[in-house]
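Report on the structure
What follows is the residue order along each chain.
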Amino acid sequence: KFEFNPKVGIDNPALTLTEDTDGEGVGEPRFYLLSKESTETFGFCLHEELGCQGHVIRQIELGGVAQRRGLQDGDRLLQVNGHFVDHMDHLRVVQKIKASGNQVLLAVLDGDSYETAKSLGRDLSQLLPDDIRPRLCHVTRDKSGFGFSVSCPEGTKGTFQLSVLQDGPADRAGVPPGCWLLELNGDSVKNYSHTQLTKKVPAPGMGRARDGVENVTERPVLLIQLKQSGNKVTLLVASSAVEEFYRLRGLRVTAALADTSRLPFKVRELHLLKGPAGYGFLLKEDDCSSGGVGQFLWDVDAGLPAERAGMREGDRVLAVNGESIEGLDHEQTVQRIRAREDQVTLLVIDPAGDEFYHSVG
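Residues numbered from 1 in each chain as written. Predicted model: local features only at pLDDT ≥ 70, side-chain atom pairs only at ≥ 80, totals over all residues. Heavy atoms only, no water.

The name given to the chain in an unreviewed UniProt entry is NHRF4 protein, and the organism recorded there is Sylvia atricapilla.

Below, the structure is given as structure tokens:
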């Protein structure tokens, strides 16, 4: 930066040359939503290299998912599914990607920008938005209704904004006020058009509009779905900032990317240490509620490591030692479990939770 007093002239001793390091040479992070089939890989490797900082994108497969989306050799991985990972142990980052199943959202920075930012002491997490995850919320109706209403701006298609009653069922379930509705019970609302709306009324069980709150403009299908939901409804929603983030980058928002921390059904991580009589469970392949096949836990022996770790009969295995088993057959899953001689970590879900997550995609 040149600073001088034009009245005095260029010989003014106040003329100084200083280095402008604020962001110089540091590009913007890039975001990629990678989706693959169960038989595919994402088409890249993540390296930890001597003399090279960060988690490095390498070995990008020609014509693979990563190349088609635009990942570049030497890119540094900053974020996985909305979680900042630059500071994490390399193996843990690899496991997070593998545990994502067939879809993962990555944030990367080109190698030169990464090295420049590190040399300047920049906090790389500050280059990223605070939270880019949509939210899944499971709302249980009480005597006042669901505690939210849905408005649709005139002349738009698939655009529904929620008004949330303070301390009502939706508010308690974590639905943010003013958020945008993306899916209802696992079904996208993007094709709901204003021309298909026939009346302007509050939806059944949601309460009447109060002073200062607009009446609800809704499509009949939405009303029917709410009626069919009974006392419970599952919403995929996004704040205005999150909706704008995905829209400006041309990324599709899916339930697979959502924050599920407020849902009533949780996956469980079981860490088992093998005893003299083994782990004490039987793994069986059976049909899933999704229509495919899965690996299920049965014959859990009382008093043995599996039961002590919290295993329950009928649990479905989602991951082994931090790696998703999606796409693996029975023998491959067994091999994963036996890979470590005396211990194994399983990510499991019970039948009710399995059915619920399948219903919401």
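**A closer look at the overall build of the chain**
Looking only at helices and strands, the chain has nine helices and 22 strands in total. When burial is assessed residue by residue, the chain has 43% of its 361 residues classed as buried. For the chain, restricting intrachain contacts to residue pairs at least 6 apart in sequence, the fraction spanning at least 24 positions comes to 65%. Element-wise, carbon and sulfur atoms account for 47% of the exposed surface of the chain, whose accessible area totals about 19600 Å². (Helix = DSSP H or I, 4+ residues; strand = E, 2+ residues; numbered from the N terminus. Buried < 20%, exposed > 50% of the residue type's maximum accessible area, 1.4 Å probe, protein only. Contact = heavy atoms within 4.5 Å. Areas by Shrake-Rupley, 256 points an atom, 1.4 Å probe, with all protein chains shown as cover.)

**Here we look at the layout of surface pockets**
Unfilled space is identified by rolling a water-sized probe across the atoms. Here the second largest pocket is characterised by a volume of approximately 590 Å³. Looking at the lining of the second largest pocket, the elements with two or more residues in it are β4 (45-49), α2 (90-98) and β21 (323-324). Per-element accounting of the lining of the second largest pocket gives the leading share, three residues, to α2. Of the residues assigned to the lining of the second largest pocket, the class counts are eight nonpolar, nine polar and seven charged. (1 Å grid on protein atoms, 1.4 Å probe; cavity = no way out; pocket = protein on both sides within 12 Å on 5 of 7 lines; lining within 4 Å. Points joined across faces, edges and corners; volume = space filled by probe spheres on them. Nonpolar A, V, L, I, M, F, W, Y, C, P; charged D, E, K, R; others polar.)

**Re the pattern of salt bridges**
Scanning the entire structure with this criterion turns up 14 salt bridges. Its salt-bridge partner being Asp86, residue Lys118 comes within 3.1 Å of it at the nearest N-O pair. Taken together, the positions of Lys118 in helix α3 (residues 111-119) and Asp86 in the loop between β7 (83-84) and α2 put the pair 32 residues apart, joining distant regions of the chain. Overall, Asp86 belongs to the buried group, its relative accessible area being 13%. For Glu323, the salt bridge is made with Lys98, and the minimal N-O distance between the two is 3.3 Å. You can see Glu323 sitting in strand β21 and its partner Lys98 sitting in helix α2, a full 225 residues away along the chain. On the basis of relative accessible area, Glu323 is assigned to the partly exposed category, the value being 23%. A network of salt bridges, in which partner residues are shared, links Glu49, Arg58 and Asp73. (Salt bridge = Lys/Arg side-chain N within 4 Å of Asp/Glu carboxyl O.)

**Structural notes on the pairing of β4**
For a regular strand, side chains alternate in direction, first toward one face of the sheet and then toward the other. Strand direction decides the pairing type here: β4 and strand β5 (residues 52-58), joined by four bridges, are antiparallel. Within β5, the residue paired with Leu46 across the bridge is Ile57. In sequence, β4 turns back onto β5 through a hairpin of two residues, with Gly51 there showing a positive phi of about 75°. (Pairing = 2+ DSSP bridges.)

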